[in-house]
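Chain by chain, the residues run as shown.
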Amino acid sequence: MEQALYAVKQKIYPRAVSGWFASWRVALVLFTQLLYYGLPWLSWDGRQAILLDLAQRKFYILGLVFWPQDFIYLTGLLVIAAFSLFLFTAIAGRLWCGFACPQTVYTELFLWIERNIEGDRLKQMKLDRQAWNIEKIARKTAKHTAWLALALWTGFTFVGYFTPIKELAISFAHWTLGPWETFWIFFYGCATYGNAGFMREQVCKYMCPYARFQSVMFDSDTLTVTYDSSRGEPRGPRSKSTDRHAAGLGDCVDCSICVQVCPTDIDIRNGLQYECIGCAACIDGCAQVMAKMGYPRGLIRYTTENVIKGKYPDSSILSHVLRPRTLIYSVLLLAIVATLGMALISRVPLRADAIRDRIAARETAEGYIENVYRLQIINMENRPHRYVISVAGLPGIKLADSSPLVQVAPLGTHDAVVHVQIDPGELSTRSSPVQFKIRSLDNPDLTTTVRSTFLNR
Amino acid sequence: MSDFVSSFWSLYIAGITVISIVWVTWFLKTQTTRRLAANEKAELIEKAWDGDLQELNNPLPRWWLWLFYLTIVFGVVYLALYPGLGSYKGVLDWSATGQWQQEQSKANAQYGPVFDKYLKQDLKVVAADPQAREMGQRLFLTYCSQCHGSDAAGARGFPNLTDHDWLYGGDPETIQASIANGRAGVMPALGAALGEQGTKQVASYVLSLSGSKHDATLAAAGRDKFATYCAACHQADGKGTQAMGAPNLTDKVWLYGGSEATIIETITKGRNGHMPAQLDKLGNAKVHLLAAYVYGLSQGK
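Residues numbered from 1 in each chain as written. Chains lettered and ligands numbered in written order. Predicted model: local features only at pLDDT ≥ 70, side-chain atom pairs only at ≥ 80, totals over all residues. Heavy atoms only, no water.

This brings us to the domain arrangement of chain B. Residues and elements named next belong to chain B. By the assigned domains, chain B splits into domain 1 (7–34 + 43–81), domain 2 (121–182 + 276–299) and domain 3 (186–275). Computed over C-alpha atoms, the centres of domain 2 and domain 3 are 28 Å apart. Taken together, the 18 residues of domain 2 in the interface contact 14 residues of domain 3. A buried area of about 1200 Å², summed over both sides, lies between domain 2 and domain 3, and 55% of it is on carbon and sulfur atoms. On the domain 2 side of the contact with domain 3, Arg156, Leu167 and Pro276 bury the most area, a combined 43% of that side's loss. In this structure, the connection of domain 2 to domain 3 is made through 0 salt bridges. Our enumeration of links across domain 2 and domain 3 arrives at 3 residue pairs in polar contact (both at pLDDT 80 or more). Here the side of domain 2 that touches domain 3 is built from residues that sort into 9 nonpolar, 6 polar and 3 charged. (Domains from an automatic or database assignment. Contact = heavy atoms within 4.5 Å. Buried area = accessible area lost by both parts, 1.4 Å probe. Salt bridge = Lys/Arg side-chain N within 4 Å of Asp/Glu carboxyl O. Polar contact = N/O pair within 3.5 Å; in protein donor to acceptor, adjacent residues only side chain to side chain. Nonpolar A, V, L, I, M, F, W, Y, C, P; charged D, E, K, R; others polar.)

In structure tokens form, the structure reads like this:
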């Protein structure tokens with residue numbers, strides 16, 4: 001017999017579900033998307049509050065302007081994101097996947113549109129089965145139009161983070177977009193359309209690396225979406241009036257609602273699987289059935305492996321949240337947050353580089369040894385500054401220039417040529433370290449020091 | 001790369017590439033299904049280990065397989081269009097050099113007019129234009145500062161361009177000629193002709209010309225030798241000849257240094273100053289701007 005190693009994709013029609021976790025997901029979808037679609041429209045000091053100007057290599061985030069030299073802060077942010085993910089996963093499983101991941105969020109939005117136009121699970125399946133007619137064409141056209149509109153808006157918003165969104169809106173309306181803006185709006189739009197409309201769970205199951213290391217982030221005290229098989233089995237259908245205990249049945253009525261609502265089409269009753277994105281739709285679905293049957297809820301619930309094994313009751317789950325793993329993650333997370341916060345507070349928006357002229361040291365008419373440097377001064381702040389330059393490092397070292405005062409425009413760079421002179425008697429070696437100090441006249445905190453070398457002839 | 005010019009290596013690389021593509025396609029085709037052993041269940045990868053642990057077989061979706069085929073198609077199309085199969089140049093005839101030339105000519109077309117604007121203007125007019133001066137400074141920092149310094153004040157062996165002392169003349173046209181065609185300043189070695197004592201005498205005389213500290217007796221003895229050996233270039237009065245770049249020895253400006261030891265070294269071994277010609281590299285417009293900038297450097301002082 002032959003076995004196919006590649007299977008034709010089965011379309012999944014997740015059934016709509018309501019309940020506590022579903023409400024949380026709606027809340028998070030609204031929160032993240034209001035943030036995403038809204039942020040680029042905010043203004044700050046007369047410009048866009050968040051603007052990642054790649055062409056000018058300036059990154060405006062609220063009152064701060066970041067330069068490529070500040071990329072270390074991005075590293076900090078990514079490390080914080082990583083440790084938050086570790087911490088949340090260790091405590092309560094794939095919270096990220098089920099509630100905040102863009103793939104989930106946009107799939108939810110697209111599913112919502114789909115349900116409003118085509119109806120819920122059964123109606124969708126029926127519509128897909130039937131032959132093409134006016135109604136099917138109308139519904140499908142309406143759905144794809146709505147999907148494409150949302151996808152395009154998403155792509156447009158995405159580009160709005162990199163190019164001023166108000167100007168972008170005007171040129172979009174007049175159809176005068178630049179080639180790269182057009183490309184990225186449509187590329188990101190198509191990616192949204194394809195991922196949320198068609199790929200859906202395929203992304204989680206086959207592409208996302210996070211699913212692959214789910215198992216190493218979990219331990220026996222991690223809260224996961226779990227089917228309580230000791231309570232549920234043996235499963236089987238029964239009428240509401242049957243006494244399940246007398247009939248020898250568990251609480252599971254085998255209604256398969258948990259499978260129907262699952263966006264990745266798994267049966268949670270088979271145990272934890274890597275496809276489970278922890279969206280808890282099955283918990284909400286099962287809770288409704290349990291309520292209808294008059295059984296206690298929680299046949300499928302957030303619980304830990306140790307509870308299922310009978311090591312401690314559900315009521316003491318909270319006391320197991322604090323354990324070495326979560327403590328270490330928390331401490332590291334707090335340390336990095338604190339470090340990044342301190343670094344941001346003490347950040348000096350002034351940078352300088354000292355480039356010594358390649359020419360050999362020269363001797364001035366007064367008998368001094370002179371070196372020439374180009375000081376590249378970068379004013380990283382959005383207002384002009386006047387800086388005073390001084391030199392130190394050797395006794396009697398001085399600047400020959402009469403006015404070592406430099407005016408640098410907002411977010412500007414200035415090359416200052418300075419002449420450093422010293423009496424040759426003070427030089428004992430061929431090369432000595434020197435320091436240039438650049439200090440703002442209006443704000444003494446705005447000071448930086450750069451190192452260079454002074455060469456004897 | 002001279003080891004790889006024979007056509008064998010081109011065929012070798014092309015052969016490996018083609019065989020790999022064919023093999024990968026065949027391999028992919030044959031690996032889409034698997035023959036099951038007797039009693040083997042398709043859903044399970046392993047029967048069981050650790051007592052009850054079983055792993056389910058999750059076949060990849062078919063579109064994934066199509067992605068693999070798509071990469072093969074992409075590879076074939078790419079190799080047809082671009083160089084990659086040995087020495088085959090590809091249908092598009094693309095090359096890194098060609099691309100560079102394209103971008104270069106695009107940049108020239110874009111920025112050329114900015115420089116050309118000043119080409120028709122007189123150098124003195126250009127020197128007075130603040131925008132031209134800014135552009136000139138940038139050009140100077142890029143092409144000239146390595147030798148003459150960021151401040152153009154020069155160094156040992158490289159003339160100061162900010163004073164009024166010129167080896168070849170400081171009028172705008174001469175400066176432009178110096179930049180465009182370069183200069184070769186040759187001072188012949190006179191050590192053998194003058195002898196050690198003679199060299200010392202001439203050095204003292206040279207020092208006396210600029211009013212520096214010197215030995216009067218030696219200088220007096222060097223006077224005649226200077227007239228014989230040095231006056232042809234530096235003139236009888238030591239004021240030099242700009243036509244041949246012979247420096248003026250009566251001021252305190254020294255190209256290589258004005259100490260007695262340095263002057264003795266200069267006379268003994270001679271000097272070879274070399275300013276490279278820039279016209280071929282930079283073109284007329286940039287040389288014009290640079291000349292104006294350099295001319296303007298000493299005008300304010």
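This part covers the confidence of the model for chain B. Residue and element names in this part refer to chain B. Averaged over all residues, the pLDDT of chain B is 89; the fraction at 70 or higher stands at 98%. Within chain B, strand E1 (residues 33–35) has the poorest average pLDDT of any element, 82, and helix H2 (residues 62–81) the best, 95. For this predicted complex, the interface score ipTM comes out at 0.73, while the overall pTM is 0.80. (pLDDT = per-residue confidence, 0-100. Helix = DSSP H or I, 4+ residues; strand = E, 2+ residues; numbered from the N terminus.)

Applying the stated rule across the entire model yields 38 aromatic pairs over all chains. An angle of 70 degrees between the planes, with centres 4.9 Å apart, marks the rings of A:Tyr373 and A:Phe436 as edge-to-face. Of this pair, A:Tyr373 sits in strand E12 (residues 369–379) while A:Phe436 sits in strand E17 (residues 431–440), and the two are 63 residues apart along the sequence. An identical accessibility class is assigned to A:Tyr373 and A:Phe436; each is buried. Between B:Tyr205 and B:Phe226, the aromatic rings sit 5.1 Å apart at their centres with planes inclined by 55 degrees, giving tilted as the arrangement. Placement of the pair is B:Tyr205 in helix H8 (residues 191–209) and B:Phe226 in helix H9 (residues 216–229), with a sequence separation of 21 residues. B:Tyr205 sits in the buried class, given a relative accessible area of 9%. In this structure an aromatic cluster arises from ring pairing among A:Trp20, A:Phe21, A:Trp24 and A:Tyr302. A cation over a ring is seen here: A:Lys58 above A:Trp67, with NZ or CZ 4.2 Å from the ring centre. (Phe/Tyr/Trp six-rings, centres within 6.5 Å; stacked < 30°, edge-to-face > 60°. Buried < 20%, exposed > 50% of the residue type's maximum accessible area, 1.4 Å probe, protein only. Lys NZ or Arg CZ within 6 Å of the ring centre and 35° of its normal.)

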